[in-house]
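# Commentary on secondary and tertiary structure
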Amino acid sequence: MARQPVSTYRIQVRKSFDLNATAEVVDYLHDLGADWVYLSPLLEAEAGSDHGYDVVDHSRIDPDRGGPAGLDAAVAAARAAGMGVLIDIVPNHVGVATPVHSRWWWDVLTNGRDSRYGDAFDIDWDFGGGKVRLPVLGSAADLPALELVEVPQDAEEGARLELRYYDHRFPVTPGTAALGDDPVEVHERQHYELVDWRRADYDLNYRRFFAVNTLAAVRVELPEVFARSHAEILRWVREGLADGLRIDHPDGLFDPGKYLDDLAEATGGAYVLVEKILEGDEQMPASWKTAGTTGYDALGDIERILVDPAGEAALTALDTQLRDGTAVDWHDMVHESKRAVADGILRSEVLRLDRVVADRVDRSDDRVADAIAELLACFPVYRSYLPEGGDRLTQAADLARAHRPDLAATIDALLPVLGDPTEASALRFQQTSGMVMAKGVEDSAFYRYSRLTSLTEVGGEPSEFAIDADTFHARQQRRQSSSPASMTALSTHDTKRGEDVRTRIDVLAEIPDSWAEALRELRRLAPVGDGPFENLLWQAIVGAWPASRERLHAYAEKASREAGNSTTWTAPDEAFETRMHAAVDAAFDDPQVAAVIERIVALVSAPGWSNSLSAKLLQLTAPGVPDVYQGSELWEQSLVDPDNRRAVDFAERRRLLADIDGGVQPPVDASGAAKLLVTTRALRLRRDNPRLFTGYTPLAASGSAAAHLVAFDRGGAIAVATRLPVGLAERGGWEDTTLDVAAGPVIDVLTGRRYDGGPLTVSEVLDRYPVALLVGEGATL
């Protein structure tokens, strides 16, 4: 059986914190209690990439990230500490922003269909007239700006010619030009066509990662492409440098199940996780050779047990008011956003599907592309995996007919084709539906639906406002029985808001009237002109406060343009963005605005900290493999990327951990040390006492405040957490509430206190912290 982690700690490896720097903090990670080191992508990426998901060379570890020697050092440090290593890999796409640095892409642009890498990319050569269309021109009239230049090479190769468009460089196929030729005529003789960037939406002929023109999809379903793209990765596994792999965006692949089969065979069945987003009650295909997901499903469950359902009506009414009295339905918004994406930035993919089905449906029907776009907009999950998930296509068809009765006949004609796993169009439809979901929901609707923004998180279902303890426990029991080695997470490099921003925002569900009053004042004092967006913006500011002016301006720009209601990336509304940035400045410069922010922050800070400690304890002790995202052992108040990839002060964390190990019991305050206490005690207990985490039994409290407690027994380790702290305080605290635990005495590993068995008085157990972690006296502490 493959080695499996008890827990992981994610490090964002980049030039400013490379593998050598990682090696230097491994001892701290071990002392913290983490079992495995979890590394972001390591293969050579675009210069300056701080994430690594834009690989340009599969054959080597990025020198900027420390190179092979850096990985050797990091792994040696991990082995010395008894830790495993999990590495993130990117099989779906490569970076092509700088073609000269992307080995495969440069060769394809040079040699076209005859390139040795020609089959590696998903290019519709016929549609492009034998050329790859590159959307880089400011306009079609820009072609005369091309320059033909000679680039010196080594002595053996001599000089080569390149076409230059400002700072863009493109190859010239040998024998097609001579220095002094007209660059426009040279361009016409190449295997690529430079086109207006706007044509990418509807006229592109290569598949991308979502709608990112600079990330070209690759075809790992082909054995030779799999072998070339995974040779270095498999070396890591073979030589003991990696114990497990995290697979980025499997839904973009032609056949994710087959890919996982190939990977399992090549790695000897190594531990593998997939970045799979599950919608609602969706379950991952049972046939997949993977231990589970990267944890967004667990994140959503933990968030919702901390949200007060009583606040839903008031926050919904506020949202309706902000929309001038028009109530919004989440599912209608999703459909609208997805349809806009299918008709907009992903129109090229829809039209390619239309071409693929050309010989399988009646071409006298000119509504095929329209029907395909409607099916994509109505698809209820990211994708199907035919023959698994065929019922999802049926659901989409039923909804599409309801939305567009005029397309019913066309939809009926498409169903047999799109539901047949032997059809190329069906397989391509599956790849495309995930793109439309991601761009329409995560990168659009999530920024438009601002009722309570802690719920608009990756993998979340915002229409599910809150869950009760019974639902929470049922979902944990399901994870324990079906995927106990699946990852759980609270923050990642992709979350829209850091975990402690969200838990502070969760408090607004307990004080909806106070929030509505504050928002009205803020909109009066610093009007922006887009009510739903202002709700999102001020929630983010309150959740992240105190935050720098620079961070909040960057967030406001990204969030507003992703929402796309009042401004967009491609057509920014200068007047709107001026008002928006003025509102952000007002948080710092206008005493009245600052006073409102400070007032609401004062209301949510302490309850938010309570929520944060509860969320952390629940995640670290519940079924699954808990991941701690870098730095989140203290308060994690980041916003969307790149804000969540900022440098981590490990020296400060070392100091606070040493204080805790020296006997300090930190207060729950702005330092975040109390969260570090919870994190290290839970991680160490889980790593050093695995026998205490082999089951899952819900525990129910008794007494007048029982609804404010969530607790479970993992088989000897008992987690106890507070929920809805504002309501708890308003009702006078725990009063007569008790929790029945094991008959023998127990110790709270957070405080060191010993309690006799039987019913415990909750007010005594939780008088210092809003959480407790109880074990029998025989545990290793």
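Residues numbered from 1 in each chain as written. Predicted model: local features only at pLDDT ≥ 70, side-chain atom pairs only at ≥ 80, totals over all residues. Heavy atoms only, no water.

### Some details on the sheet that holds strand E12 (residues 208-209)
Convention followed: In short, DSSP must find at least two bridges between two strands for them to pair. By definition, any uninterrupted DSSP run of H or I lasting at least four residues is a helix, any uninterrupted run of E lasting at least two residues is a strand, and each is numbered from the N terminus.
If you trace the three strands from one edge of the open sheet to the other, you get E6-E13-E12, paired in antiparallel fashion. Looking at the sheet topology across the chains shown, the edges are occupied by strand E6 (93-95) and E12. Relative to strand E13 (residues 212-217), E6 runs antiparallel, the two sharing three bridges. Counterpart to valine 94 in the pairing with E13 is alanine 216.

### Quick look at helix H16 (residues 469-482)
The test is simple: Multiplying 1.5 Å by the residue count of a helix minus one yields the expected span of that helix. Whether two residues are in contact is decided by their heavy atoms: any pair within 4.5 Å suffices.
Spanning 14 residues, H16 covers 20 Å between terminal C-alpha atoms, matching the ideal 20 Å at 1.5 Å per step. Where H16 is buried, its residues meet helix H8 (296-305), strand E17 (487-488), helix H22 (591-621), strand E19 (697-699) and strand E21 (709-713).

### What about the packing of helix H13 (residues 390-403) against helix H14 (residues 408-418)?
Basically, it comes down to this: Working convention: axes come from line fits to C-alpha atoms, limited for helices to the stretch in contact. Angles between N-to-C directions cover 0 to 180 degrees. Each angle is binned into one of four classes, with values under 35 degrees roughly parallel, values over 145 roughly antiparallel, values of 65 to 115 roughly perpendicular, and all other values oblique. In the scheme used here, Gly and all other residues not listed as nonpolar or charged are polar, with Ala, Val, Leu, Ile, Met, Phe, Trp, Tyr, Cys and Pro taken as nonpolar and Asp, Glu, Lys and Arg as charged.
As a packed pair, H13 and H14 sit with axes 10 Å apart at the nearest point and diverge in direction by 170°. Between H13 and H14, the interaxial angle falls into the category roughly antiparallel. Residues Leu393, Ala397, Ala400 and Arg401 of H13 lie in contact with H14, whose contacting residues are Ala408, Ile411, Asp412, Leu415 and Leu418. Considered class by class, the residues forming the contact of H13 with H14 number seven nonpolar, no polar and two charged.

### Overview of the pairing of strand E10 (residues 168-171)
Bridging between strand E9 (residues 160-165) and E10 involves four bridges; their strand directions are antiparallel. Bridge pairing in E10 places arginine 164 opposite arginine 169. Connecting E9 to the next strand, E10, in antiparallel fashion are two residues, including tyrosine 166 with a positive phi near 55°.

### Observations concerning the sheet that holds strand E1 (residues 8-11)
Overall, parallel pairing links the eight strands, which are arranged E16-E15-E14-E5-E2-E1-E18-E17 in an open sheet. Strands with a single pairing partner mark the edges of an open sheet, and in this sheet they are strand E16 (292-293) and E17. Pairing geometry for E17 and strand E18 (residues 625-629), over two bridges, is parallel. Counted as the bridge partner of threonine 488 is proline 626 from E18. Against the sheet, helix H1 (residues 19-32) makes contact with E1 and strand E2 (36-39), and its axis sits at roughly 145° relative to E2, the strand it touches most.

### Focus on the nonpolar core
Note the cut-off: Take the buried residues of types Ala, Val, Leu, Ile, Met, Phe, Trp, Tyr and Cys, join any two whose side-chain atoms come within 4.5 Å, and each joined set is a nonpolar core. Think of it in three bands: with a 1.4 Å probe and only protein chains considered, a residue is buried below 20% of the maximum accessible area for its type, exposed above 50%, and partly exposed in between.
The biggest cluster of nonpolar side chains holds 121 residues, and the ones touching the most others in it are Leu39, Leu71, Trp105, Phe121 and Trp236. Non-local contacts of phenylalanine 121, meaning those with residues more than four positions away in its chain, are made with Val94, Trp104, Trp105, Val108, Ala216, Ala217, Val218 and Arg219. Counting 51 residues, the second-largest nonpolar core is a separate cluster that includes Val501, Leu522, Ile541 and Ile600.

### Looking at the layout of surface pockets
For the record, the criterion: Cavities and pockets were defined on a 1 Å grid built from protein atoms only: a cavity is a group of points that admits a 1.4 Å probe but offers it no way out, a pocket is an open group of points flanked by protein on both sides within 12 Å along at least five of seven lines, and a lining residue is one with an atom within 4 Å of any such point. Grid points are joined across faces, edges and corners, and a volume is the space filled by probe spheres set on the points.
Quantified by volume, the second largest pocket comes out at close to 630 Å³. Looking at the lining of the second largest pocket, the elements with two or more residues in it are E16, H8 and H16. Of the residues assigned to the lining of the second largest pocket, the class counts are six nonpolar, eleven polar and eleven charged.

### A look at unusual backbone geometry
Most peptide bonds are trans, and most residues other than glycine sit at a negative phi. Put simply, tryptophan 545 and proline 546 share a cis peptide bond, and its omega is 0°. By the secondary structure assignment, proline 546 is in the loop between helix H19 (531-544) and helix H20 (549-563). The step from aspartate 641 to proline 642 runs through a cis peptide bond, and the omega angle for that step is 10°. Its location among the elements puts proline 642 in the loop between E18 and helix H23 (650-661). Not every positive phi belongs to a glycine, and leucine 724 is a case in point at roughly 55°. With respect to the helices and strands, leucine 724 occurs in the loop between strand E22 (717-722) and helix H25 (725-730). Judged by its relative accessible area of 9%, leucine 724 is buried. For glutamate 735, which is not glycine, the phi dihedral falls at a positive 45°. With respect to the element layout, glutamate 735 can be found in the loop between H25 and strand E23 (738-740).

### What about the side chain of serine 486?
Here serine 486 shows up in the loop between H16 and E17. Apart from residues no more than four positions distant in its own chain, serine 486 is found in contact with Leu273, Ala291, Gly292, Thr293, Gly624 and Val625.

### A look at the pattern of salt bridges
Our working rule: Salt bridges are counted wherever a side-chain nitrogen of Lys or Arg sits within 4 Å of a carboxyl oxygen of Asp or Glu.
Following the criterion strictly, the structure yields 74 salt bridges and no others. The closest approach of N and O atoms between arginine 79 and aspartate 243, which form a salt bridge, is 2.8 Å. Placement of arginine 79 in helix H2 (residues 67-80) and of aspartate 243 in the loop between helix H6 (223-238) and strand E14 (244-247) is noted, with a sequence separation of 164 residues between them. Using a relative accessible area of 30% as the deciding quantity, one classes arginine 79 as partly exposed. With its nearest N and O atoms 2.9 Å apart, the salt bridge here joins arginine 339 to aspartate 343. Of this pair, arginine 339 and aspartate 343 are both found in helix H10 (residues 330-343), four residues apart, which corresponds to roughly one turn of the helix. Each of Asp297, Asp301, Arg304, Glu464, Arg475 and Arg479 takes part in a single network of salt bridges with overlapping partners.

### Some points on the packing of aromatic side chains
To keep things clear, this is the line we draw: Stacked, tilted and edge-to-face pairs are distinguished by plane angle, under 30 degrees for stacked and over 60 for edge-to-face with tilted covering the rest, among Phe, Tyr and Trp rings (Trp via its six-membered ring) whose centres lie within 6.5 Å. For a Lys NZ or an Arg CZ to count as sitting over a ring, it must be within 6 Å of the ring centre and within 35 degrees of the ring normal.
Under the definition given, this model contains 20 aromatic pairs. Measuring from centroid to centroid gives 5.9 Å for tryptophan 330 and phenylalanine 446, while their planes differ by 25°, and the two rings are stacked. Residue tryptophan 330 is located in helix H10, and its partner phenylalanine 446 is located in helix H15 (residues 424-448); the two are separated by 116 residues in the primary sequence. When its relative accessible area of 5% is taken as the criterion, tryptophan 330 is described as buried. Classification of phenylalanine 446 by relative accessible area gives buried; the value is 2%. Its guanidinium or amino end placed over the ring of tyrosine 38, arginine 10 lies 4.7 Å from that ring's centre, counting from NZ or CZ.

Geometry only, nothing functional implied.
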